Amino acid sequence: MSTSEKISPDDPRLTAYALGEMEPAEHSEFEKLLKQDAAARVFVAEIKRATHRIGVALAREDVPQVGAIRLEQAAIIAGRNFGKLDGGPLRSPEVPNLRRWLAKLFQFPQLYFTISGLAAACFAIGFIIWQANYREQPQMQYTEVDLTKFVPANAENVAEAKTEPEGGQQPASAESAAGVVALENGGNDNAFLAVTSEPLSTFPIKTGAAAYANVRHLIGTGRHPPRGAVRIEELVNYFPYQYAPPETKNVALPFAAHLEVASAPWAPAHRLVRIGLKGREAQKLSVAAAGGPLPPIAKDVKLQVEFNPSQVQAYRLIGYENRMPRKEDFNNDRMDAGEIQAGHTVTALYEVVPAGVEWKPENGADQLKYQTTESSALPPMAKARDGRKVAVSDDLLTLRLHYKEPDGEAGKQMEFPLRDTGRTFDQASADFKFAASVAAFGMILRDSPHKGAATLAHVTEWAQAGLVNDAGGYRKEFVGLVGQAERLAHN
Amino acid sequence: MKAGDVNTQPTTYESPSFVQTAVERHQAPLLRYATRLLHGDADRARDVVQDTFVRLMAQPPSQIDGHVAEWLYTVCRNRVLDVFRKEGRLKLFETGQAERLTAPDPRPGTGMEQAESHAAMLELIGHLPANQQEVIRLKFQSGFSYKEISRITSLSVSNVGFLIHTAVTRLRREMAGQAD
């Protein structure tokens, strides 16, 4: 390669490279050229700075009032007077007045839109009901497109965060507050807790999902995300998982739990527990339901995990460093913070030190010892509930879900025990492997003391094992993101 | 639920909130996008975006899941083109025409200097040719990749890259000039 071969400042590859838009091969080739061209390297750095400022400025551009179009408020509202839409009741009737709905539709000033809207709506009825019975095959035609508005965490940008939850959750606004992410100064990773002193753990049923897009953007523009931006529970919950909803045969249970345990890939002596919760699917979809509000299935939901001291020495909740729900997360004018909607999904991961493995608590307090169930360290709840001594159990843990019916005040409870059958990581499900890879990725980005033997190469390997269930291509995009992070690490 | 059980059965990944989620996430940015394409006509933009979401309801979620945003923007853009076509306009942008929408003030409380520089940047963006503005916003405001922008706008990927590079280098130059 001739040393006089300089890159012209008009070369669009400079920006493509700066933005991480090149295929890996092309990227490496261009990088080689850059090595020989100091001026071009400087220019690339300037381009990166410029694109950052462009993004920041555009993020602050005004967004139209979100209240303009609300399909969920009243099926399809025709006509121009969107200002008439108020918050509306939380729960509107399942089936709207069809005649009124049609009449409003025909108020469209432009017949073109009316006809296309009606045709599409009729189409929708057929398609959506067909869809409800259709067994989906995962399709990967495009890499994932998912929009959130965000600004990279930056010392100057400290403002309210508006999170963007996925699935059945109601976000406050898709793009309010310019999507600026509050800069949190880390918050250390949760440490392992000894079961003897802390047998009960809790995690919130709702998480945000803004962190993933933020991390993706930062890495895409060549920056290492600051620790506070890497909220592992949000990374994990960004992705859809295949949890079956509860059976509705006899009792209308609001949730199904899917618990899985296998070895933690970054620390094979430890067990990794994946807790998945899925809320009941709406009844058969109709146009009304598709356009109407999601029915709530429960309120005042509280989750609790009790670990069995005869099987577990210590555990660690992965993510959720800032466990108290932030005001912004539940700042939603349409719904109670404690109300859960149909289809809601949440995944939590615990790393568990099983009995029989060498472990010392970080603060050096209690010594390692086996527990018998007669030990006074048993949680009082277990004693009081049964009124008798708890027998030795093989359970690793029990998940307890306290809730109330949406219209009720009586507290109800569901229990889900989990027994460890000793699966290795290889034997775990694809979803499990993928969730583990996302968690490991987060721990590496945070430089967590608990990342164990995990490397970005491992993350790719574990994620690829999870690519079988990739409706929408989200997971494939994640693998690409890990690749970008690797290149970043080597620069 | 049996203890230790794993849900190995592939299940119907139903998404009753599919349209719901799409509306929540994309209605506001889509409105903004449509308003710009329609040169500030917010009323018509609402109609176009309304129509876009109605069409979304006709799509089986499995076909579209994962690239909802790209689909929405593409359909929205085509709807705008339809509107223009009915009026006798054949192109989305007149060549050489920059949009004359005023750049709105940035949010208060960000500090005067920052606010000024953001406002300055927004104004410079507003003076770019309309086709460059569109791809700049799709890239840096909506977060689409070159490939996605190419699909939305029907421009080639290299064309997209060229437009973005031209716009970015021009903005960089102008901002640097202003700093003096």
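Trainee: Just checking my understanding: could you explain the overall build of chain B for this structure?
Mentor: In terms of regular secondary structure, chain B is built from eight helices and zero strands. Tracing chain B from N to C terminus, the helices and strands come up as α-α-α-α-α-α-α-α. Across the 180 residues that make up chain B, the buried fraction comes to 58%. Per element, the accessible surface of chain B, about 7200 Å² overall, is 49% carbon and sulfur.

Trainee: How do you make sense of the confidence of the model for chain B when you look at a structure like this?
Mentor: Should pLDDT be low for a region, the predicted coordinates there are not to be read in detail. Residues and elements named next belong to chain B. Residues of chain B with pLDDT of at least 70 account for 77%, and the chain-wide mean is 80. Of the regions scoring below 50 in pLDDT, residues 1–5 engages in 11 contacts with residues more than four places distant in sequence or in other chains. Every residue in residues 7–16 is under pLDDT 50, and counting partners more than four places away or in other chains gives 22 contacts. Both scores are given for the predicted complex: the pTM is 0.49, the ipTM 0.78.

Trainee: Where do I start with the nonpolar core in this structure?
Mentor: Here is a general trend for soluble globular proteins: nonpolar side chains tend to be buried in one another's company. A:Leu14, A:Ile54 and B:Ile164 are the most contacted members of the largest nonpolar core, which has 69 residues in total. Counting residues in hydrophobic clusters, the runner-up holds 43 residues, among them A:Val215, A:Leu235, A:Val438 and A:Leu481.

Trainee: Mind showing me how you'd approach the confidence of the model for chain A here?
Mentor: All names here are of chain A. When pLDDT is averaged along chain A, the result is 71; 60% of the residues meet or exceed 70. Helix H8 (residues 287–291) is the least confidently modelled element of chain A, averaging 39 in pLDDT, while helix H10 (residues 430–445) averages 96, the highest of any element. Low pLDDT (under 50) marks residues 372–389, which in the prediction has 18 contacts with non-local residues, meaning those over four places away or in another chain.

Trainee: What is the right way to look at the pattern of salt bridges in this model?
Mentor: If charged atoms from side chains of opposite charge come close, those side chains can pair. Residues and elements named next belong to chain A. Counted under the stated rule, the structure contains 32 salt bridges over all chains. The residue Asp420 makes a salt bridge to Arg271 at a minimum N-O spacing of 2.7 Å. Here Asp420, found in the loop between strand S10 (411–419) and H10, pairs with Arg271, found in strand S4 (residues 267–279); they are 149 residues apart in sequence, far enough to count as distant. Of the charged contacts in the structure, one is a salt bridge between Arg446 and Glu321, with a shortest N-O distance of 3.8 Å. Here the residue Arg446 occupies a position in the loop between H10 and helix H11 (456–465), and Glu321 occupies one in the loop between strand S6 (312–317) and strand S7 (339–341), the gap between them amounting to 125 residues. Glu321 carries the same exposure label as Arg446, and that label is buried.

Trainee: Explain the packing of aromatic side chains to me, please; I cannot follow it from the model alone.
Mentor: A ring pair, where both rings are aromatic, is described by two values, the distance of the centres and the angle of the planes. Residue and element names in this part refer to chain A. Inspection of every chain in the model, using the stated rule, returns 19 aromatic pairs over all chains. Centroid distance Phe239 to Phe478: 5.7 Å. Interplanar angle 80°. Geometry classified as edge-to-face. Taken as a pair, Phe239 in the loop between helix H7 (232–238) and strand S3 (255–264) and Phe478 in helix H12 (residues 474–490) lie far apart in primary sequence, 239 residues in all. Judged by relative accessible area, Phe478 falls into the buried class, the value being 0%. Through successive ring pairs, a cluster of aromatic residues spans Tyr212, Tyr238, Phe239, Phe434, Phe441, Tyr474 and Phe478. The ring of Phe192 carries the charged tip of Arg316 above its face, separated from the ring centre by 5.9 Å.

Trainee: Which parts of the structure should I look at to understand the pairing of strand S5 (residues 296–307) of chain A?
Mentor: The side chains of a regular strand alternate, first on one face of the sheet and then on the other. Residue and element names in this part refer to chain A. Along S5, 10 of the 12 residues are buried, which leaves the element largely enclosed by surrounding structure. Where strand S2 (residues 200–201) lies against S5, two bridges are found, and the strand directions are antiparallel. What sits directly across from Ser201, in S5, is Val305. Strand direction decides the pairing type here: S5 and strand S9 (residues 395–404), joined by seven bridges, are antiparallel. Bridging across to S9, Gln304 finds its partner in Arg400.

Trainee: What's the story with H11(A) in this structure? I'm lost.
Mentor: At 3.6 residues per turn, the α-helix brings residues three or four places apart onto the same side. By the burial criterion, the buried members of H11(A) are A:Leu456, A:Val459, A:Thr460, A:Trp462 and A:Ala463. Check the buried side of H11(A) and you find it contacts H10 and H12 of chain A.

About the cut-offs
- Residues numbered from 1 in each chain as written.
- Chains lettered and ligands numbered in written order.
- Predicted model: local features only at pLDDT ≥ 70, side-chain atom pairs only at ≥ 80, totals over all residues.
- Heavy atoms only, no water.
- Helix = DSSP H or I, 4+ residues; strand = E, 2+ residues; numbered from the N terminus.
- Buried < 20%, exposed > 50% of the residue type's maximum accessible area, 1.4 Å probe, protein only.
- Areas by Shrake-Rupley, 256 points an atom, 1.4 Å probe, with all protein chains shown as cover.
- pLDDT = per-residue confidence, 0-100.
- Contact = heavy atoms within 4.5 Å.
- Core = buried A, V, L, I, M, F, W, Y, C linked by side-chain atoms within 4.5 Å.
- Salt bridge = Lys/Arg side-chain N within 4 Å of Asp/Glu carboxyl O.
- Phe/Tyr/Trp six-rings, centres within 6.5 Å; stacked < 30°, edge-to-face > 60°.
- Lys NZ or Arg CZ within 6 Å of the ring centre and 35° of its normal.
- Pairing = 2+ DSSP bridges.

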